[in-house]
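Each chain is listed here by its residues.
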Amino acid sequence: MITAPTYQDFTLKPFSKRSNTKALFQIANTLIPYGLLWWLMLQAADVSLWLTPPFLIILSLFSLRSFSLMHDCGHGSLFETARLNRIFGFLLGVVNAIPQLSWSIDHAYHHKTNGDWERYRGVADFLSLDEYQKLSRKEQKTYVTTHHPLMAIPGGFYYLAIKPRLDLLVGLISPKHRMWGSREEFHDLCLSNLFSLIAVICLGWWIGFGLFLSLYSIVLSLTASSLIYVFYVQHIFENSYANPSQGWSPMRGALEGSSLLVLPPLLQWFTANIGFHNIHHLCERIPNYNLEACHQKNQHLLHNVPTLTLGTMLQCSKFLLWDPAKMSLAKIPAQDQLSTI
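Residues numbered from 1 in each chain as written. Predicted model: local features only at pLDDT ≥ 70, side-chain atom pairs only at ≥ 80, totals over all residues. Heavy atoms only, no water.

A. Expanded view of the pattern of salt bridges. A complete count under the given rule lists five salt bridges for this structure. Ionic pairing is found between Asp188 and Arg86, a salt bridge with its closest N-O pair at 2.5 Å. Highlighted residues: Asp188 in helix α8 (residues 183-207) and Arg86 in helix α3 (residues 82-95), separated in sequence by 102 residues. The closest approach of N and O atoms between Arg121 and Glu131, which form a salt bridge, is 3.1 Å. (Salt bridge = Lys/Arg side-chain N within 4 Å of Asp/Glu carboxyl O. Helix = DSSP H or I, 4+ residues; strand = E, 2+ residues; numbered from the N terminus.)

B. Just empty space enclosed by the protein, in detail. Using the criterion set out here, one finds one cavity of 30 Å³ or more in the structure. In this structure, the largest cavity is lined by His110, Asn114, Gly115, Trp117, Tyr120, Gly122, Phe231, His235, Ser240, Tyr241 and Gly257. Here the residues of the lining of the largest cavity sort into four nonpolar, seven polar and no charged. (1 Å grid on protein atoms, 1.4 Å probe; cavity = no way out; pocket = protein on both sides within 12 Å on 5 of 7 lines; lining within 4 Å. Points joined across faces, edges and corners; volume = space filled by probe spheres on them. Nonpolar A, V, L, I, M, F, W, Y, C, P; charged D, E, K, R; others polar.)

C. Fine view of the pairing of strand β5 (residues 328-331). Bridge count for strand β4 (residues 319-323) against β5 is four bridges, and the pairing is antiparallel. Across the sheet, residue Trp322 finds its bridge partner in β5, namely Leu329. Where β4 folds back onto β5 in an antiparallel hairpin, the turn is made up of four residues, including Met327, whose phi is positive at roughly 50°. (Pairing = 2+ DSSP bridges.)

D. Structural detail: the nonpolar core. Among the nonpolar cores identified, the biggest contains 38 residues, and Trp38 and Leu78 are the most heavily contacted of them. Among the secondary structure elements, those contributing two or more residues to this core are α1 (20-47), α2 (53-74), α3, α7 (152-173) and α9 (209-235). With nine residues, the single largest contributor to this core is α2. In contact with Trp38, other than residues within four places in its own chain, are Leu59, Phe212, Leu215, Tyr216 and Val219. With 26 residues, the next largest nonpolar core counts Leu129, Val233, Met313 and Leu321 among its residues. (Core = buried A, V, L, I, M, F, W, Y, C linked by side-chain atoms within 4.5 Å. Buried < 20%, exposed > 50% of the residue type's maximum accessible area, 1.4 Å probe, protein only. Contact = heavy atoms within 4.5 Å.)

E. Layout of the sheet that holds strand β1 (residues 127-128). If you walk across this open sheet you meet the three strands as β1-β4-β5, and the pairing is mixed. Lying at the two open borders of the sheet, with one neighbouring strand each, are β1 and β5.

F. Inspection of the environment of His148 at higher detail. Along the chain, the position of His148 falls in the loop between α6 (137-146) and α7. Residue classification places His148 among the partly exposed residues on the basis of a relative accessible area of 24%. For the pair His148 and Leu308, spaced 160 residues apart in the sequence, the C-alpha separation amounts to 20 Å. Polar contacts involving the side chain of His148 include one to the main-chain amide nitrogen of Leu150, which spans 3.0 Å. (Polar contact = N/O pair within 3.5 Å; in protein donor to acceptor, adjacent residues only side chain to side chain.)

G. Spatial organisation of the packing of α8 against α9. It is the contact of α8 with α9, at a shortest axis distance of 7 Å, that shows an interaxial angle of 125°. Classified by the interaxial angle, the pair formed by α8 and α9 is oblique. In this structure, α8 uses Val200, Ile201, Leu203, Gly204, Trp205 and Ile207 to contact α9, whose residues at the interface are Phe209, Leu211, Phe212 and Leu213. Among the residues forming the contact of α8 with α9, the class breakdown is nine nonpolar, one polar and no charged. (Axes fitted to C-alpha atoms, helices over the stretch in contact; angles between N-to-C directions. Parallel < 35°, antiparallel > 145°, perpendicular 65-115°, else oblique.)

H. Just α3, in detail. An ideal rise of 1.5 Å per residue puts 20 Å on 14 residues; α3 measures up with 20 Å between its terminal C-alpha atoms. When α3 is considered as a whole, its buried residues turn out to be Asn85, Phe88, Gly89, Phe90, Leu92, Gly93, Val94 and Val95. Next to the buried residues of α3 lie α1, α2, α4 (100-113), α8 and α9. Within two residues after α3, Ala97 carries a phi angle of roughly 60°, on the positive side. (Expected span 1.5 Å × (residues − 1).)

I. Examining the environment of Ala293 more closely. Tracing the backbone shows Ala293 in helix α13 (residues 288-297). Ala293 sits 17 residues away from Phe276 along the chain, and the two C-alpha atoms are 10.0 Å apart.

Have a look at this one:
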């Protein structure tokens, strides 16, 4: 009988060593090309807007990498000190118009509950099978439609472009609906939104508000839809560990409720190695530049972890419900399948 590995079986600590030099190099090779690509795209736009799509796609990839590095800063794993992680995490958040501290606090809750589907219902607030069956036919169709993979595009735009501003506005108008839990988080929300506003005003005045907002909106939509779907398939797939709170195991959440996403080298670079998600959930203090080496060191313990590729990612979109009785994710019942198209 094969015994499941324990936390002590893994070699993790040597890989949690952080390097300011490596971190600064990653910041530079992300933000410098990001700025240069914007300049080149604007030169191309002066000739014809039809020349901008390739730039928009590449910019969204660098924007995705910026978000991934911000994610590391939120875990305190990119730089050696908390101060540097805080400073650069904030700046990387401004690139995608998202307040880093609030996002990181919410993301930390995901790490604390990964695999406990009674407390955390995934990236799209999934319903349980019983909850879905209690909905009216119209409500079921709405649920299926709003969870369609293509909804990641408008949903992603809302997530980055609208929600951070709306959360602040609603919280100021109605204190009982505040999304921040501390004064520090409130100050971060205000400062991040202020920086984003200043950037939009300055760049809009320089470039032209219509052109800048149009191009930036497309970049944000492509970026957000990509990061949402990458996060989606890291935890939502066939036979993913989806336990109620009672009997929940953080170790099984990391090994069976997180996937190994095998990407082509270029996409692996743009996502900052986050495809090695089992290792990331075993120890979020491991910086992205050490994740692959840590995975290879512990590969003998990871040969049974769920593995996905670009070719199998889309299949994960079929799992839209949680079945507590079977402790697994479930597909929409057969009679509703046509609604997913």
